[in-house]
Amino acid sequence: MLFGGKGSIGLDIGSSYIKAVKLKESKGGYELELFDVYPLPPELIVDGSIIDSIRLVDSIKDMVKKAGIKTKDTVIAISGHSSVIIKRISLPEMSEEELQESIKFEAEQYVPFDIEDVDLDFQIIGPKEEPGQMDVILVAVKKDIINEYISVVKEAGLNPIIVDVDAFALENMYGINYDIEPDRNVALLNIGASTINMSILKGGISVFTRDSSLGSNLHTEAIQREFNLSYENAEKLKRGEPIENVQPESVTSVIESASEEILSEIIRSFDYYRSTTMHEDISEVILSGGCALLRDFATMIAEKTGIETKVAEPFRNVKISKKFDMTQINEIAPIMSIAVGLAMRKQGDR
Ligand SMILES: Nc1ncnc2c1ncn2[C@@H]1O[C@H](COP(=O)(O)OP(=O)(O)OP(=O)(O)O)[C@@H](O)[C@H]1O
Ligand SMILES: [Mg+2]
């Protein structure tokens, strides 16, 4: 194709894996065109900040080359409690144009950063019960973080066309793969190496989001401490692979106590959600990210919260041709959730 192919790459740059997905539209649905998972050494991205941009650029370049990615247009996302604020707020009814004019002023009281340091966006989600008021989702992302990620992606030879946030990418992934019931609250939990992205959807629309800086690094670090191991060996043990002198079974209790810590954070957020919404019920948890690959973690969530918990299936409604290895896709599918949500975005979307 003349301009390097249609569509764009959904690129989820996590602290432990870069994930890439390309979809093409097929008969009103989607078909998988390409996917890749590329491991990163742990010290390149810390707490959502790029620490070693040179090596990150090299890693992205290497991934693009090895995965045979020809498309330049790329959609990325930002997350993290210290760089993204998503709030549902109530404002006097006004048009989109009027809000565009006044958003900075309206947002100021909700954003804990200097308003000049953030990029603002919003979505009007309809009138409230109270006359003259409307509900708006307000999104503020720190400019310096956006710029860091954009410049890395550009230096890697790609063309960033949209910067999304993880919570919305998850919502989009859910939208194409699951049936939406109007009054059901579904909690999407994406738990990676160092971040929890939580998004509670009501009728398929995000009504509450929260990012926390906890993740499966807690498991790895606990295993490292307990058995005095390198990061690489602790990672292997976590995945159930054998290591000399340590039996995988002896790791179970160490993993479990790290999981408890992550679970307390989840339960705290659920309690907060219930307390601010007149005790809305959460009917289901959809778990994605690396923690979904951890044996027993989904079961533990279900046991501790009493909420039915399922592992995310981001390719549930995506057509996958025989050229792909289904076993491999099934093994890693939950960690591709955000990349799938990003790959659906089109230029001109907001
Ligand atoms: N088979 C497995 N069993 C258990 N854990 C696994 C498995 N495979 C990967 N992980 C863990 O999943 C995590 C990576 O998941 P994911 O790709 O969702 O994180 P990330 O996006 O890189 O991190 P973050 O978004 O938090 O910066 C790592 O901590 C890794 O050790
Ligand atoms: Mg991630």
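Just above, that's the structure.
What this report covers is the structure whose coordinates are included nearby. (Residues numbered from 1 in each chain as written. Chains lettered and ligands numbered in written order. Predicted model: local features only at pLDDT ≥ 70, side-chain atom pairs only at ≥ 80, totals over all residues.)

## What to know about the site of ligand 1
Around ligand 1, the structure places 20 residues, and the nearest of them are Gly14, Ser15, Gly192, Ser216 and Gly290. Listed by contribution, the elements that provide at least two residues to the shell around ligand 1 are helix 5 (217-227) and helix 6 (231-238). Looking at the shell around ligand 1 residue by residue, the class counts come to five nonpolar, twelve polar and three charged. (Near = placed C-beta within 6 Å. Helix = DSSP H or I, 4+ residues; strand = E, 2+ residues; numbered from the N terminus. Nonpolar A, V, L, I, M, F, W, Y, C, P; charged D, E, K, R; others polar.)

## Overview of the packing of helix 5 against helix 7 (residues 252-276)
The geometry of helix 5 relative to helix 7 is characterised by a closest axis approach of 9 Å and an angle of 140° between their N-to-C directions. Note on packing geometry: the crossing formed by helix 5 with helix 7 is right-handed. Across the interface between the two elements, Leu218, His219, Ala222, Ile223 and Glu226 of helix 5 pack against Val254, Ile255, Ser257, Ala258, Glu261 and Ile262 of helix 7. (Axes fitted to C-alpha atoms, helices over the stretch in contact; angles between N-to-C directions. Left-handed = near helix turned anticlockwise from the far one by under 90°. Contact = placed C-beta atoms within 7 Å.)

## Details of the sheet that holds strand 10 (residues 159-165)
Taking strand neighbours across the sheet as the criterion, the six strands line up as 10-6-1-2-3-16 in an open arrangement whose pairing is mixed. On the outer flanks of this sheet lie strand 10 and strand 16 (318-319), each paired with one strand and no other. Both strand 1 (residues 9-13) and strand 2 (residues 17-26) contribute to a ladder of five bridges, which runs antiparallel. For glycine 10, the partnering residue across the bridge sits in strand 2 and is valine 21. In the packing of helix 1 (residues 53-66) onto the sheet, the strands contacted are strand 2 and strand 3 (29-39), and the crossing angle to strand 2 comes to about 40°. (Pairing = 2+ DSSP bridges.)

## Remarks on the environment of arginine 225
By the element assignment, arginine 225 lies in helix 5. Between the C-alpha atoms of arginine 225 and alanine 156, which are 69 residues apart in sequence, the distance is 36 Å.

## Thoughts on the environment of serine 26
Here serine 26 is to be found in strand 2. By C-beta crowding, serine 26 is classed as exposed, having 12 other C-beta atoms within 10 Å. As a C-alpha pair, serine 26 and glycine 204 span 178 residues in sequence and 23 Å in three-dimensional space. Among all residues touching serine 26, those that are not within four sequence positions of it are Glu31 and Lys319. (Buried ≥ 20, exposed ≤ 12 C-beta atoms within 10 Å, placed from the backbone.)

## Examining the pairing of strand 11 (residues 185-191)
Buried residues dominate strand 11, accounting for seven of its seven residues. Neither face of strand 11 is open: one carries Asn185, Ala187, Leu189 and Ile191, the other Val186, Leu188 and Asn190, and all of them are buried. When strand 11 meets strand 12 (residues 196-202), the two strands line up antiparallel, connected through seven bridges. Its bridge partner being in strand 12, asparagine 190 is matched across the sheet by asparagine 197. With antiparallel pairing between neighbouring strands as the criterion, strand 11 and strand 12 make up a hairpin whose turn holds four residues. As defined by bridge partners, strand 11 adjoins strand 14 (residues 284-288) across five bridges and the pair is classed as parallel. Residue pairing in the sheet places valine 186 in a bridge with glutamate 284 of strand 14.

## Comments concerning the sheet that holds strand 7 (residues 84-92)
In space, the three strands of this open sheet follow the order 7-9-8, with antiparallel pairing throughout. Looking at strand neighbours, the two that pair on one side only are strand 7 and strand 8 (118-127), the edges of this open sheet. For this sheet the average axis-to-axis angle between neighbouring strands, irrespective of direction, equals 25°. Sheet topology places strand 8 next to strand 9 (residues 133-142); eight bridges connect them, and they run antiparallel. Among the inter-strand pairings, isoleucine 124 is bridged to a residue of strand 9, identified as valine 136. Set on the sheet, helix 2 (residues 96-107) makes contact with strand 7, strand 8 and strand 9; between it and strand 8 the angle comes to about 125°.

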